[in-house]
Amino acid sequence: MSTQTLDRETTVRRAPRSVIISAWAVPVMIIGQFAMLAIVPVALVLIGTLRDARLKALRWGAIALTAAYATPLALWAIGPERAQSLSKDMHPVFAAIIVGVGVAFAIAYHLLRRKARTEAA
């Protein structure tokens with residue numbers, strides 16, 4: 001039996017898959033009227049992007065997505081007359097902004113990955 005040793009420079013590590021899945025899940029959940037549950041993928045995008053040094057270029061996008069989501073969440077939480085769900089209380093403009101930022105982040109992730117792949121080749 002032979003064993004292969006992997007050199008650290010030749011091993012290509014992939015960015016966490018949870019970040020891209022979560023980035024695509026946010027717009028889907030907002031459009032599907034599951035805005036309150038979207039807090040989980042928003043948190044995963046932010047934490048995953050801040051922890052991974054290879055995603056440094058996407059940090060501002062993750063922060064923008066978090067801020068776009070946190071604004072209607074805070075307005076819903078402190079509002080005097082709140083609806084039963086965040087989806088019903090959220091203004092459509094906020095929903096459009098969250099969806100737009102989420103899609104833009106996901107596309108930027110794919111473009112960054114493609115750029116890294118062509119540079120490595």
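Reading the values: the criteria
- Residues numbered from 1 in each chain as written.
- Predicted model: local features only at pLDDT ≥ 70, side-chain atom pairs only at ≥ 80, totals over all residues.
- Heavy atoms only, no water.
- Helix = DSSP H or I, 4+ residues; strand = E, 2+ residues; numbered from the N terminus.
- Buried < 20%, exposed > 50% of the residue type's maximum accessible area, 1.4 Å probe, protein only.
- Contact = heavy atoms within 4.5 Å.
- Patch = residues over 30% accessible without salt bridge, like charges linked within 9 Å, V, L, I, M, F, W, Y side chains within 5 Å.
- Areas by Shrake-Rupley, 256 points an atom, 1.4 Å probe, with all protein chains shown as cover.
- Salt bridge = Lys/Arg side-chain N within 4 Å of Asp/Glu carboxyl O.
- Expected span 1.5 Å × (residues − 1).
- Arc of directions from axis to C-beta.
- Core = buried A, V, L, I, M, F, W, Y, C linked by side-chain atoms within 4.5 Å.

Here we look at the side chain of Thr 49
So, point 1. Within the secondary structure, Thr 49 sits in helix H2 (residues 39–51).
So, point 2. Its relative accessible area of 0% is what places Thr 49 among the buried residues.
So, point 3. Among all residues touching Thr 49, those that are not within four sequence positions of it are Val 19, Leu 55, Leu 58, Arg 59, Ala 62 and Phe 105.

Regarding a nonpolar patch on the surface
So, point 1. Residues Trp 24, Ile 107 and Leu 111 make up a contiguous nonpolar surface patch of about 280 Å² in total accessible area.
So, point 2. Relative to the assigned elements, Leu 111 resides in helix H5 (residues 92–120).

Notes on helix H1 (residues 17–31)
So, point 1. In this model, H1 (15 residues) spans 22 Å end to end at C-alpha, consistent with the 21 Å of a helix rising 1.5 Å per residue.
So, point 2. Residues of H1 that are buried include every one of Val 19, Ile 20, Ser 22, Ala 23, Val 26, Pro 27 and Ile 30, and no others.
So, point 3. Residues of H1 that are buried in the fold lie against H2, helix H3 (59–78) and H5.
So, point 4. A positive phi of about 65° marks Gln 33, the residue just after H1.

Description of unusual backbone geometry
Most peptide bonds take the trans configuration, and most residues that are not glycine carry a negative phi.
So, point 1. Backbone geometry at Gln 33 places phi at a positive 65°, although glycine is not the residue there.
So, point 2. Tracing the backbone through its elements, the reader meets Gln 33 in the loop between H1 and H2.

Examining H2
So, point 1. Here H2 spans 18 Å end to end across 13 residues, near enough to the 18 Å set by a 1.5 Å rise per residue.
So, point 2. Buried within H2 we find Pro 41, Val 42, Val 45, Gly 48 and Thr 49. All buried residues of H2 fall inside an arc of 140° around its axis, so they share one side.
So, point 3. Taken together, the buried residues of H2 touch H1, H3 and H5.

Quick look at the nonpolar core
So, point 1. Counting 25 residues, the largest nonpolar core has Ile 30, Tyr 69, Leu 86, Met 90, Ile 98 and Phe 105 as the members making the most contacts within it.
So, point 2. Broken down by secondary-structure element, the contributors of at least two residues to this core are H1, H2, H3 and H5.

Thoughts on the environment of Ile 98
So, point 1. Assignment of secondary structure puts Ile 98 in helix H5.
So, point 2. Since its relative accessible area comes to 0%, Ile 98 is described here as buried.
So, point 3. Placed 26 residues apart in sequence, Ile 98 and Pro 72 show a C-alpha to C-alpha distance of 9.7 Å.
So, point 4. The contacts of Ile 98, once residues within four sequence positions are left out, are Val 26, Ile 30, Leu 65, Ala 68, Tyr 69, Pro 72 and Met 90.

A short note on the pattern of salt bridges
So, point 1. Tallying each qualifying case throughout the model produces one salt bridge.
So, point 2. When the shortest N-O distance is used, the salt bridge between Asp 52 and Arg 54 registers 2.8 Å.
So, point 3. With relative accessibility at 11%, the residue Asp 52 sits in the buried group.
So, point 4. Judged by its relative accessible area of 34%, Arg 54 falls in the partly exposed class.

Describing the side chain of Ser 22
So, point 1. Secondary-structure assignment places Ser 22 in helix H1.
So, point 2. When residues no more than four places from it in sequence are discounted, the contact partners of Ser 22 are Pro 41, Leu 44 and Val 45.

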